[in-house]
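What the coordinates show
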Amino acid sequence: MAQGTTPIHITGRLVADPELRYTPAGVAVANFRVCTQPRVFDKTTNQWGDGDPSFWPCNIWRAKAEAVANTLHKGQLVLIEGTVAQRNWEDKEGNKRSQMEITVENIGPVILPPKQGSGGQQGYQQAGPSGTNAQGGYGQPAQDAWNQAPQGGFDGAQEPPF
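Residues numbered from 1 in each chain as written. Predicted model: local features only at pLDDT ≥ 70, side-chain atom pairs only at ≥ 80, totals over all residues. Heavy atoms only, no water.

Right, let's talk about helix 1 (residues 62-71) for a bit. Ala 65, Val 68 and Ala 69 are the residues of helix 1 that are buried. Buried residues in helix 1, looked at end-on, bunch into an arc of 95°, giving them a common side. Opposite its buried face, helix 1 presents the exposed residues Ala 63 and Asn 70, each directed more than 90 degrees away. (Buried < 20%, exposed > 50% of the residue type's maximum accessible area, 1.4 Å probe, protein only. Helix = DSSP H or I, 4+ residues; strand = E, 2+ residues; numbered from the N terminus. Arc of directions from axis to C-beta.)

What follows is the structure in structure tokens.
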């Protein structure tokens, strides 16, 4: 990150598919918006709920722009690292406008385990190129030896399963 910039890290969902464009010089840029929404605790109802959403316009450049446009899609949960800056302009009526915008340096999908009690397979599943496997799951296989305790427990007298 350049000196004097304001770093930002956010996790949110893509509002739409990224739009890939090219500058007149042939440099790729992808533009997209991310929605973040905090979880807040309501003391009056003693329950958690959704807070007010924030929508962040983002751009990413060059080879990363092409990769984002080819792999990320509307609704995906992503983690973004970049810099935030205020962009100012005048609209057609001459009114001064401004908005905060993120220039993304790194972005990737967030892989979540399936919800407990959802009737699905417990544990993680292996992710494929699009972030999901053929069954639509995420992560590592539930039958993976690293994901299971040894049969009968591990007391140190037997060899570990690896």
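Moving on to the confidence of the model for the chain. Predicted confidence across the chain gives a mean pLDDT of 81, with 70% of residues reaching 70 or more. In this model, residues 121-142 is a region of pLDDT below 50 whose contacts with residues beyond four sequence positions or in other chains number 42 contacts. (pLDDT = per-residue confidence, 0-100. Contact = heavy atoms within 4.5 Å.)

In this section: the pattern of salt bridges. Across all of its chains, the model carries three salt bridges by this definition. As a salt-bridge pair, Arg 39 and Asp 50 come within 2.9 Å of each other at their nearest N and O atoms. Within this pair, whereas Arg 39 is found in strand 4 (residues 39-42), its partner Asp 50 is found in strand 5 (residues 47-50), the two being separated by eleven residues in sequence. (Salt bridge = Lys/Arg side-chain N within 4 Å of Asp/Glu carboxyl O.)

Quick look at unusual backbone geometry now. Unlike most non-glycine residues, Asn 46 shows phi in positive territory, near 60°. Following the sequence through the fold, Asn 46 ends up in the loop between strand 4 and strand 5. When its relative accessible area of 56% is taken as the criterion, Asn 46 is described as exposed. A positive phi angle, close to 60°, is found at Arg 62, a residue other than glycine.

On to the side chain of Glu 101, then. Position of Glu 101 among the secondary structure elements: in strand 8 (residues 96-109). A distance of 3.3 Å separates the side chain of Glu 101 from the side chain of Arg 87, its partner in a polar contact. Ignoring any residue separated from it by four or fewer positions in sequence, one finds Glu 101 in contact with Pro 57, Asn 59, Thr 83, Val 84, Ala 85 and Arg 87. (Polar contact = N/O pair within 3.5 Å; in protein donor to acceptor, adjacent residues only side chain to side chain.)

This paragraph deals with the nonpolar core. Phe 32, Val 34, Cys 58, Ile 60, Ile 80, Ile 102 and Val 104 are the most contacted members of the largest nonpolar core, which has 17 residues in total. Contributing elements (two or more residues each) for this core: strand 1 (6-14), strand 3 (28-36), strand 6 (54-61), helix 1, strand 7 (77-90) and strand 8. Among the elements that line this core, the one with the most residues is strand 3, at four residues. With sequence-adjacent residues up to four places away left out, Cys 58 is seen in contact with Ala 30, Asn 31, Phe 32, Val 34, Ile 80, Ile 102 and Val 104. (Core = buried A, V, L, I, M, F, W, Y, C linked by side-chain atoms within 4.5 Å.)

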